[in-house]
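An overview of the molecular structure
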Amino acid sequence: MTVWPSRPRRRAVGVFLALFVSVVAVGRRVRSAFRRTRDVPLSPLVASTRVGSDYLQRNDVTTGVQLSGEMDDMAAFARPDFDPDDVHPEVRRFYERTADYDMAYRVRWHRGFRVGAALAARLTSRIEQLNLPGPWQSSGGPLTSELVAIDPDEDPRDGARAWIRTDGTGTAVFVAIYASHVRDGIRYVNIAVPLPWSNLSTVLHVRTHDGPAEDDERSGIELTTRSETGDEGLYLRTSFGSVALPMEQRFRVAPDGDGIHAEHAMWVFGRRFLTIEHDANR
């Protein structure tokens, strides 16, 4: 005669097996996330307790050379399926002569993330990095830009440069180190955001998003982690190693008169939590 376990015991066994499977699955995902970062060239630059607009001077990582653009020449990103000549001249000019533009931004936190964003805003305002207003604060405003070359001995990625954006009080809003790298014939935009004892790195695939040029109509541009060409993604780099994050982001930039309009969208676990809109005019 077969004796079956009691119902409570069967439940306990079921819960244990479910937890075991979940732990194994999470462990595999964590190992995969660490493996993914091994060959991706990420910036070594991090911060201490504060970032701020004087990050470069305090850490002595710059050559002191002022630069004009987020990139020197978009032609460096050319490949068979991306022709920089198809990009609208104003959009291309913005990337190559970023310092010529006055910028303003607006922030929208999406439902389900607003309380967390309000709490995070207290921290980001103190460290002066990713210093976005919370959901119930005034949303954004004008930004002042500075672009400075980074010493290659401090950050060996291709063409590394800092783009520091400050608000009207001189407080840092964004401090980011822009560069690029090539993998399998594709040049990626490679951005590092220094954080306390770590950095948040983003590797972006560059493509047009309005279709090919027709006559005098040129395309806008999209920089995205939401493609599957290889290195794109968001990564957290620490002294213990780097890990791929369950996050995605996308920049779409389109011409707008004598300037551009940009939409920056971010997702976590597939849910959109943040949209930042930028307007830049010469």
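What you are looking at is a predicted structure, and each value in this text was computed from that prediction instead of being measured.

In terms of nonpolar packing, the biggest core is built from 42 residues, with F94, Y95, L132, I221 and L274 touching the most fellow members. Residue contacts for L132: discarding those within four places in its chain leaves Y105, V107, W109, A121, T124, Q137, F174, L274 and I276. Of all hydrophobic cores here, the second largest spans 16 residues; its members include A47, V148, I164 and I177.

Looking at the secondary structure, you find G220 in the loop between β7 (198-208) and β8 (221-224). Under the relative-accessibility criterion, G220 is labelled buried at 0%. Sequence separation of G220 and P89 is 131 residues, and the distance between their C-alpha atoms is 9.4 Å. In this structure, G220 is in contact with T208, H209, D210, V253 and A254, ignoring residues within four places of it in sequence.

This brings us to the confidence of the model for the chain. Scored by pLDDT, the chain comes out at a mean of 88, with 84% of its residues at no less than 70. Here residues 13-35 is a poorly scored stretch, pLDDT under 50, and it has 4 contacts once near neighbours within four places are set aside; other chains count.

This part is about the pairing of strand β6 (residues 186-195). Where burial is concerned, most of β6 is hidden: 10 out of the 10 residues are buried. The side-chain alternation of β6 yields two buried faces, one formed by I186, Y188, N190, A192 and P194 and the other by R187, V189, I191, V193 and L195. In this structure, strand β5 (residues 172-183) lies alongside β6, joined through 7 bridges in antiparallel fashion. Bridge pairing in β6 places S180 opposite V189. Hairpin geometry of β5 and β6 is characterised by an intervening segment of 2 residues between the two adjacent antiparallel strands and by a positive phi of about 50° at D184. When β6 meets β7, the two strands line up antiparallel, connected through 7 bridges. If you follow I191 over to β7, its bridge partner there is T202.

Here we come to helix α3 (residues 89-96). Burial analysis of α3 places 6 of its 8 residues in the buried class, the great majority of the element. Residues of α3 that are buried sit in contact with β2 (102-109), β4 (158-166), β8, β11 (247-255), β12 (259-268) and β13 (271-281).

Turning next to a nonpolar patch on the surface. A contiguous nonpolar patch, built from V115, L119 and W136 and spanning about 390 Å² of accessible area, is present on the exposed surface. Residue placement: W136 occurs in the loop between α4 (114-127) and β3 (141-150). Look at W136 and you get exposed, because its relative accessible area is 64%.

Within the secondary structure, N199 sits in strand β7. The class of N199 is buried, set by a relative accessible area of 0%. A distance of 2.8 Å separates the side chain of N199 from the backbone oxygen of S43, its partner in a polar contact. Those residues in contact with N199, other than ones at most four positions away along the chain, are S43, P44, L45, V46, A192, V193, P194, Y235, L236 and R237.

Throughout the structure, instances matching the rule amount to 21 salt bridges. We note a salt bridge from D155 to R157, for which the minimum N-O separation is 2.8 Å. For R157, a relative accessible area of 7% corresponds to the buried category. Here the salt bridges share partners, and the residues they tie into one network are R50, D54, R58 and E128.

With that settled, consider the pairing of β7. Most of β7 is tucked away, with 9 of its 11 residues classed as buried. With 6 bridges joining them, β7 and strand β9 (residues 233-238) adopt antiparallel strand pairing. By the bridge assignment, S198 is partnered in β9 with T238. Two strands pair when backbone bridges link them, and β7 and β8 are joined in this way by 4 bridges, in the antiparallel orientation. Along β8, the bridge assignment pairs R207 with E222.

The next point concerns the side chain of S43. Mapped onto the secondary structure, S43 falls in the loop between α1 (7-36) and α2 (55-59). Its relative accessible area of 0% is what places S43 among the buried residues. In this structure the side chain of S43 is engaged in a polar contact, spanning 3.1 Å, whose partner is the backbone nitrogen of L45. A polar side-chain atom of S43 sits 2.8 Å from a polar atom in the side chain of D155. Apart from residues no more than four positions distant in its own chain, S43 is found in contact with D155, R157, A192, N199, S201 and R237.

Rules and cut-offs
Residues numbered from 1 in each chain as written. Predicted model: local features only at pLDDT ≥ 70, side-chain atom pairs only at ≥ 80, totals over all residues. Heavy atoms only, no water. Core = buried A, V, L, I, M, F, W, Y, C linked by side-chain atoms within 4.5 Å. Buried < 20%, exposed > 50% of the residue type's maximum accessible area, 1.4 Å probe, protein only. Contact = heavy atoms within 4.5 Å. Helix = DSSP H or I, 4+ residues; strand = E, 2+ residues; numbered from the N terminus. pLDDT = per-residue confidence, 0-100. Pairing = 2+ DSSP bridges. Patch = residues over 30% accessible without salt bridge, like charges linked within 9 Å, V, L, I, M, F, W, Y side chains within 5 Å. Areas by Shrake-Rupley, 256 points an atom, 1.4 Å probe, with all protein chains shown as cover. Salt bridge = Lys/Arg side-chain N within 4 Å of Asp/Glu carboxyl O. Polar contact = N/O pair within 3.5 Å; in protein donor to acceptor, adjacent residues only side chain to side chain.

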